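# Structural features, examined
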Amino acid sequence: MRQAKIAEPIEAGALSVLAMDLDTLKCVETTAENFSDWGCRLSGIGLGVLNRNIAVKLEGADEFQKGKVTGRKHGYITVIFRKDVHPQHEKRAERRYAVTATATVCDLSRTLSLKCVITDASRSGCRIEGEGLEALPEEVLVYVDSFERPVRGNVVWTQGSSSGLRLFWDGAKAFI
């Protein structure tokens, strides 16, 4: 006889979701935090059944949203939502502009430094392209030649030689 799982309490701001591996069709009920058009963080038990290509369905929603697992830590995984799934999720609060700007991205201790090119940008984020981006930690500093100071950012997703960064302009002065 199988024992029923005892439901764990959901933390404030967390959403109950069903996550499905698109290759094996294995599912896990879990919680999503920091849920946005970009992606989310899934936490809970049983996440090991999820491989790279997944779909996430919010409790009460009619459809799944496709995504890719971009990182794994103890007890949680990070997910970026795929652009080709729901065009309505591509509507950003800010317009992105195509740019070509050379930059250097560093970890906060400035021990890892990678050259890159910013290929699109808005005030709240940008896409960078370069080699070795998978080695970047979650929190980074972005140095652009034409800026007086670096900008603090979070790596939201990495795929091959591209990464998406969320930028925090107000915090940059604290790291100078």
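Cut-offs used in this document
- Residues numbered from 1 in each chain as written.
- Predicted model: local features only at pLDDT ≥ 70, side-chain atom pairs only at ≥ 80, totals over all residues.
- Heavy atoms only, no water.
- Helix = DSSP H or I, 4+ residues; strand = E, 2+ residues; numbered from the N terminus.
- Buried < 20%, exposed > 50% of the residue type's maximum accessible area, 1.4 Å probe, protein only.
- Areas by Shrake-Rupley, 256 points an atom, 1.4 Å probe, with all protein chains shown as cover.
- Phe/Tyr/Trp six-rings, centres within 6.5 Å; stacked < 30°, edge-to-face > 60°.
- Lys NZ or Arg CZ within 6 Å of the ring centre and 35° of its normal.
- Salt bridge = Lys/Arg side-chain N within 4 Å of Asp/Glu carboxyl O.
- pLDDT = per-residue confidence, 0-100.
- Contact = heavy atoms within 4.5 Å.
- Pairing = 2+ DSSP bridges.
- Axes fitted to C-alpha atoms, helices over the stretch in contact; angles between N-to-C directions.
- Core = buried A, V, L, I, M, F, W, Y, C linked by side-chain atoms within 4.5 Å.

## Things to note about the overall build of the chain
- A count of helical and extended segments in the chain gives zero helices and 12 strands.
- The buried share of the chain, reckoned over its 176 residues, is 39%.
- Surface exposure of the chain reaches about 11,000 Å², of which carbon and sulfur atoms provide 51%.

## Details of the packing of aromatic side chains
- This structure, assessed with the given rule, holds one aromatic pair.
- For the pair Phe-35 and Phe-81, a centre-to-centre distance of 5.2 Å together with 55° between the ring planes defines the contact as tilted. Residue Phe-35 is found in the loop between β2 (27-33) and β3 (39-43), and its partner Phe-81 is found in strand β6 (residues 76-81); the two are separated by 46 residues along the sequence.
- Over the face of the ring belonging to Tyr-76 we find Arg-41, whose NZ or CZ atom lies 3.9 Å from the ring centre.

## Digging into unusual backbone geometry
- If you check the backbone angles, Leu-25 has positive phi at about 65° while not being a glycine.
- With respect to the element layout, Leu-25 can be found in the loop between β1 (15-21) and β2.

## Looking at the pattern of salt bridges
- One pass over the full model with this rule turns up three salt bridges.
- Between Arg-41 and Glu-33 there is a salt bridge, with its nearest N and O atoms 3.8 Å apart.
- Owing to a relative accessible area of 28%, Arg-41 belongs among the partly exposed residues under this scheme.
- Accessibility expressed as a relative area gives 18% for Glu-33, which makes it buried.
- The residue Glu-148 makes a salt bridge to Arg-149 at a minimum N-O spacing of 3.9 Å.
- By relative accessible area, which is 76% here, Glu-148 ends up exposed.

## Topic: the confidence of the model for the chain
- Of the residues in the chain, 82% have a pLDDT of 70 or more, and the chain-wide mean is 82.
- For the chain, the element scoring lowest by mean pLDDT is strand β5 (residues 65-73), at 89; strand β10 (residues 139-144) scores highest, at 93.
- Long-range and interchain partners of residues 1-10, a stretch whose pLDDT sits below 50, account for four contacts in this model, where long-range means more than four residues apart.
- Scored below 50 in pLDDT, residues 85-90 makes eight contacts in the model with residues more than four places away or belonging to other chains.

## Observations concerning the sheet that holds strand β7 (residues 97-107)
- Within the closed barrel, the six strands sit side by side as β7-β8-β9-β12-β11-β10. Their pairing is antiparallel. Direction aside, neighbouring strands of the sheet carry axes that sit 45° apart on average.
- Judged from the four bridges that link them, β10 and strand β11 (residues 151-159) form a sheet pairing that is antiparallel. Along β11, the bridge assignment pairs Val-140 with Gly-153.

## Some words on the pairing of β10
- Bridge analysis of β7 against β10 gives five bridges, and the strand direction is antiparallel. The partner of Cys-106 across the bridge, within β10, is Leu-141.
- Counting the residues between successive antiparallel strands, the hairpin from β10 to β11 contains six residues.

## A few points about the nonpolar core
- Formed by 17 residues in total, the largest nonpolar core has its most connected members in Ile-118, Cys-126, Ile-128, Leu-136, Val-140, Val-142 and Leu-165.
- Contributing elements (two or more residues each) for this core: β7, β8 (113-121), β9 (125-129), β10, β11 and β12 (162-168).
- If one sorts the elements of this core by residue count, β8 sits on top with four residues.
- When sequence neighbours within four positions are dropped, the list of residues in contact with Val-142 reads Ala-103, Thr-104, Ile-118, Pro-150, Val-151, Leu-165 and Leu-167.
- With 14 residues, the next largest nonpolar core counts Val-17, Val-28, Val-69 and Val-79 among its residues.

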